[in-house]
Amino acid sequence: MVPSIKDEILEIVATVIEKEVGDISLDAHLVQEVGADSMMALEILAALEKKYHIVIPEERLKEMTTVNKIIQMVETARKRG
Amino acid sequence: MVLEIEDIKKLIPQRFPFLMIDRVLEASPEKVIAIKNVTASEQFFKGHFPGQPIMPGALIIEAMAQTGLVLHRQKFPIDKLLFLVSVKARFFEPVFPGDQLAIEATPIKLMSKMSLVKITVHAGDKKIAEAEMAVASKDAKTV
């Protein structure tokens, strides 16, 4: 089975934040509830750019507050090509 | 574009005895290659280690970070103090007096307040170290 984009992104986020996938709920605030920081956000952003061959502009970083929002952002960026 | 020492000083704030790169052979937002000539007269060799001079890995990290800063400045010339916020490094070979380090920095992601860069160090054919490092300004809390 091909992993869904949701599973892939969750895996990236969990790896960077050093948590288990099961410990991160999709709507949890990554900084306030999961324990991420801005450095981790940068690492997540860089990993997403590499994996999906997309460019995420700097100003979008502050929108990356939950896994669901990240998924949405990646899907939008992929549609833009 | 080659940068001599006075050009480097315009880009990064470090000074003697903590300016750890001597010349930049290539500088663009895609790649920076810096040179560090390691001489027997380096102060740190007096104590690291007496009778057995080896360049401290922490200072190799510093030279790599300064090269990373030059890379960041290729895209964002604004003069804001940047701090080292993350280092993931591996060392392969020790550095001795007489070695010339070629330090190559390439971007993973460059942003105005925070940049993530990949850096490798060679002495001749020998691979000395590689690292991923991030630098950030104090106001980089963006999330």
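What counts and what doesn't
- Residues numbered from 1 in each chain as written.
- Chains lettered and ligands numbered in written order.
- Predicted model: local features only at pLDDT ≥ 70, side-chain atom pairs only at ≥ 80, totals over all residues.
- Helix = DSSP H or I, 4+ residues; strand = E, 2+ residues; numbered from the N terminus.
- Rg over C-alpha atoms; globule rule 2.2 N^0.38 Å.
- Buried ≥ 20, exposed ≤ 12 C-beta atoms within 10 Å, placed from the backbone.
- Contact = placed C-beta atoms within 7 Å.
- Core = buried A, V, L, I, M, F, W, Y, C linked by C-beta atoms within 7 Å.
- Nonpolar A, V, L, I, M, F, W, Y, C, P; charged D, E, K, R; others polar.
- pLDDT = per-residue confidence, 0-100.
- Pairing = 2+ DSSP bridges.
- Expected span 1.5 Å × (residues − 1).
- Arc of directions from axis to C-beta.

## Points about the overall build of chain A
In terms of helices and strands, chain A carries three helices and zero strands. Against the 2.2 N^0.38 benchmark of 12 Å for 81 residues, chain A shows a C-alpha radius of gyration of 12 Å, consistent with a compact globule. Burial status across chain A gives 27% buried among its 81 residues. When contacts within chain A are restricted to residue pairs at least 6 apart in sequence, long-range pairs at least 24 apart make up 49% of them.

## Remarks on the nonpolar core
By size, the foremost hydrophobic cluster in this structure holds 58 residues, and its most contacted members are Leu45 of chain A together with Ile60, Met64, Val70 and Ile103 of chain B. A total of eight residues in this core trace back to one element, the largest contributor, which is helix α2 (residues 57-75) of chain B. Excluding its chain neighbours within four sequence positions, the residues that come into contact with Ile60 of chain B are Met55, Val95, Val121, Ile128 and Ala129 of chain B.

## Some words on the interface of chain B and chain A
Contacts between the two partners involve 14 residues from chain B, matched on the other side by 14 residues from chain A. Sorting the residues of the side of chain B that touches chain A by element identifies β3 (82-91), β4 (100-110), β5 (114-123) and β6 (126-137) of chain B as the ones contributing at least two each. The residue makeup of the side of chain B that touches chain A, split by class, is nine nonpolar, three polar and two charged.

## What about the confidence of the model for chain B?
Looking at chain B, pLDDT values average 95 and 98% of them are 70 or higher. The ipTM assigned to the predicted complex is 0.83, against a pTM of 0.91.

## Some remarks on the pairing of strand β2 (residues 32-37) of chain B
Residue and element names in this part refer to chain B. Bridge analysis of strand β1 (residues 23-27) against β2 gives four bridges, and the strand direction is antiparallel. Bridge pairing in β2 places Val24 opposite Ala34. In the sheet, β2 pairs with β4 via six bridges, with the strands oriented antiparallel. In the sheet register, Val32 faces β4, and the bridge partner there is Ala105.

## Concerning the pairing of β6 of chain B
Residue and element names in this part refer to chain B. By the bridge criterion, nine bridges tie β3 to β6 in an arrangement that is antiparallel. Bridge assignment links Val87 to a residue of β6, and that residue is Met133. Sheet topology places β5 next to β6; 10 bridges connect them, and they run antiparallel. Within β6, the position partnered with His122 by the bridge is Lys127. Turn length for the β5-β6 hairpin, with the two strands adjacent in sequence and antiparallel, is two residues, and the turn residue Gly124 shows positive phi of about 60 degrees.

## Notes on helix α3 (residues 67-80) of chain A
All names here are of chain A. Counted at 1.5 Å a residue, the expected span for α3 with its 14 residues is 20 Å, and the 20 Å between its end C-alpha atoms agrees. Among the residues making up α3, those that are buried are Val67, Ile70 and Val74. Taken end-on, α3 shows its buried residues confined to a sector of 55 degrees, consistent with a single buried face. Along α3, exposed side chains directed more than 90 degrees from the buried face belong to Gln72, Thr76, Lys79 and Arg80. Packed against the buried residues of α3 are α1 (5-17) and α2 (38-52).

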